[in-house]
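# Notes for the structure review
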Amino acid sequence: MGTRRAPVDHIVRTRELYSSLGHEPYRWVQNVDPPSWARPAKPLAECRIALVASGGVYRTGQVAFHHRDDLSLRIIDTRVPAAELRTSHFAYDQTDARIDPNVVFPVDTLRALARDGVIGELSRRAYTFMGGIYSARRVRETLAPEVSRRLAEDQVDLALLVPV
Amino acid sequence: MGLIARRIEADGIPTLSMTSAFSITRSVNPPRAVFLDYPLGHTTGKALDASLQRDIMMASLAALHELDTPGAVKMLPFRWSDDDDWKREVMESGDARTGRSAEPVYQCEADRRLAQDASDCPTCVFL
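So, a few notes on the structure that sits alongside this text. Nothing here was measured: the structure is a model prediction, and the numbers come from that model.

The next subject is the interface of chain B and chain A. Taken residue by residue, the interface counts 88 residues in chain B and 99 residues in chain A. A combined buried area of about 8,200 Å² lies between chain B and chain A, and 63% of that area is made up of carbon and sulfur atoms. Notably, a salt bridge pairs Asp-33 of chain A with Arg-6 of chain B, separated by 3.0 Å at the nearest N-O pair. The interface formed by chain B and chain A holds 43 residue pairs in polar contact (both at pLDDT 80 or more) in total. The dominant element in the side of chain B that touches chain A, judged by the number of residues it contributes, is helix H1 (residues 2-10) of chain B, at 8 residues. A per-class count over the side of chain B that touches chain A returns 44 nonpolar, 22 polar and 22 charged. With 2 bridges joining them, strand E3 (residues 73-77) of chain A and strand E4 (residues 124-125) of chain B adopt antiparallel strand pairing.

The next thing to look at is the pattern of salt bridges. Per the counting criterion, the structure on display carries 21 salt bridges over all chains. A salt bridge links Glu-66 of chain B to Lys-74 of chain B; the shortest N-O distance between them is 2.8 Å. Residue classification places Glu-66 of chain B among the partly exposed positions, given a relative accessible area of 45%. In this structure Lys-74 of chain B comes out as buried when scored by relative accessible area, which is 17%. Look at the salt bridges and you will find they share partners, linking Glu-146, Arg-149, Arg-150 and Glu-153 of chain A into a network.

Of all the positions in helix H3 (residues 107-115) of chain A, only Val-107, Thr-109, Leu-110, Ala-112 and Leu-113 of chain A are classed as buried. Close packing links the buried residues of H3 of chain A with strand E1 (48-53), strand E4 (85-87), strand E5 (121-122) and strand E7 (158-162) of chain A together with helix H3 (50-66) of chain B. Following H3 of chain A by one or two positions, Gly-117 of chain A has its phi on the positive side, about 80°.

Quick look at the nonpolar core now. Nonpolar side chains in soluble globular proteins generally cluster together in the buried interior. Ranked by size, the top nonpolar core spans 39 residues in total, and within it Leu-51, Phe-105 and Leu-160 of chain A together with Leu-61 of chain B carry the most contacts. Going through the elements one at a time, E1, H3 and E7 of chain A together with strand E1 (15-19) and H3 of chain B are the ones with two or more residues in this core. When residues in this core are grouped by element, the largest group, 7 residues, is from H3 of chain B. The residues contacting Phe-105 of chain A, other than those within four sequence positions of it, are Leu-51, Ala-53, Val-57, Ile-76, Leu-85, Ala-126 and Thr-128 of chain A together with Thr-44 of chain B. Counting 34 residues, the second-largest nonpolar core is a separate cluster that includes Leu-73, Phe-90, Phe-129 and Ile-133 of chain A.

In this section: the pairing of E1 of chain B. Counting buried positions over the 5 residues of E1 of chain B gives 5, a clear majority of the element. With burial as the criterion, each face of E1 of chain B is covered, one bearing Thr-15, Ser-17 and Thr-19 of chain B and the other bearing Leu-16 and Met-18 of chain B. Strand direction decides the pairing type here: E7 of chain A and E1 of chain B, joined by 3 bridges, are parallel. Each residue of the ladder has a partner; that of Ala-159 of chain A, found in E1 of chain B, is Thr-15 of chain B.

Procedures and definitions
Position numbers for residues start from 1 in each chain and track the written sequence from start to end. Chains and ligands are labelled by the order in which they are written, letters from A for the one and numbers from 1 for the other. Whole-chain, interface and lining totals are the exception, using all residues; otherwise, since this is a predicted model, local features are given only for residues with pLDDT of at least 70 and side-chain atom pairs are given and counted only at 80 or more. Where side-chain values are given, they derive from all heavy atoms of the structure, hydrogens and water being excluded. In what follows, residue pairs with any heavy atoms lying within 4.5 Å of each other are defined as contacts. Buried area is understood as the total, over both parts, of accessible area removed when two parts are fitted together, assessed with a 1.4 Å probe. Whenever Lys or Arg places a side-chain nitrogen within 4 Å of a carboxyl oxygen from Asp or Glu, that contact is recorded as a salt bridge. Counting of polar contacts relies on pairs of N or O atoms within 3.5 Å, with two restrictions inside protein: one atom must be capable of donating a hydrogen and the other of accepting it, and residues adjacent in sequence are counted only when both atoms are side-chain atoms. Runs of H or I in DSSP of at least four residues are treated as helices and runs of E of at least two as strands, each being numbered from the N terminus. Basically, the charged four are Asp, Glu, Lys and Arg, the nonpolar ten are Ala, Val, Leu, Ile, Met, Phe, Trp, Tyr, Cys and Pro, and anything else, Gly included, counts as polar. When DSSP locates at least two bridges between a pair of strands, those strands are taken to pair. Using a 1.4 Å probe on the protein chains alone, a residue whose accessible area is under 20% of its type maximum counts as buried, one over 50% counts as exposed, and one in between counts as partly exposed. Here the nonpolar core consists of buried residues drawn from Ala, Val, Leu, Ile, Met, Phe, Trp, Tyr and Cys, with membership extended through side-chain atoms lying within 4.5 Å.

The quantities given are spatial measurements derived from coordinates; they are silent on function.
This is the structure we're talking about:
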């Protein structure tokens, strides 16, 4: 086994990138207050799980994401063949995600777990967006309630969130 | 994504966040997270390795019943490679981000034509 290093500090890295570009330092949200807590009411094998991903995933036929504070959502039917999935994102290396979208949008993985009875079912609608939205206020006031409202409508028991 | 996790959970739906950015997750403080120490762009595993992707997902889902404190993060045991040299390379690499235009950026031109052929996109939600 080789040398172990601590996790990459992406807050430090983003700060360095922004200052090297002459921008104001980006301030990540700091929530010192504890988050709300809802316990799963059912065993996993009975849960309807929703996939929510921010790797800029869209399906062929959909409008792609733009790269300036895109607050929009894509609804993706989780019966989608992985070959119809695409990515559009301003910040990360998409090489592997374009070879196999399951590394940022684990739809085949979750379908297999549903088929094997490990999870109850994969919710029909997955929600994707791009992230990298500069204004935390707009995420809090616009995007977050919209995603939450839709998940409630879909009557899901658990939301699996996959950022990049 | 952490802000969205907090909102969903506040509305009563349990969430599980997967992350490869430990410091950001600590700062934004979602209700329940698992940390996979991989380069960004591989939040749920390595490309074309369905068996590893499944193992990672199983270990992640197990956190639902293992984590019992709001804001807790489970450290997953998977390693990207035997050494961690990729982390040094990440810190030393420059800015690879694309320009920030408000035009859709398609993975390929064929996608642009497909999207244009459809007169509207009922599964696109513009907020």
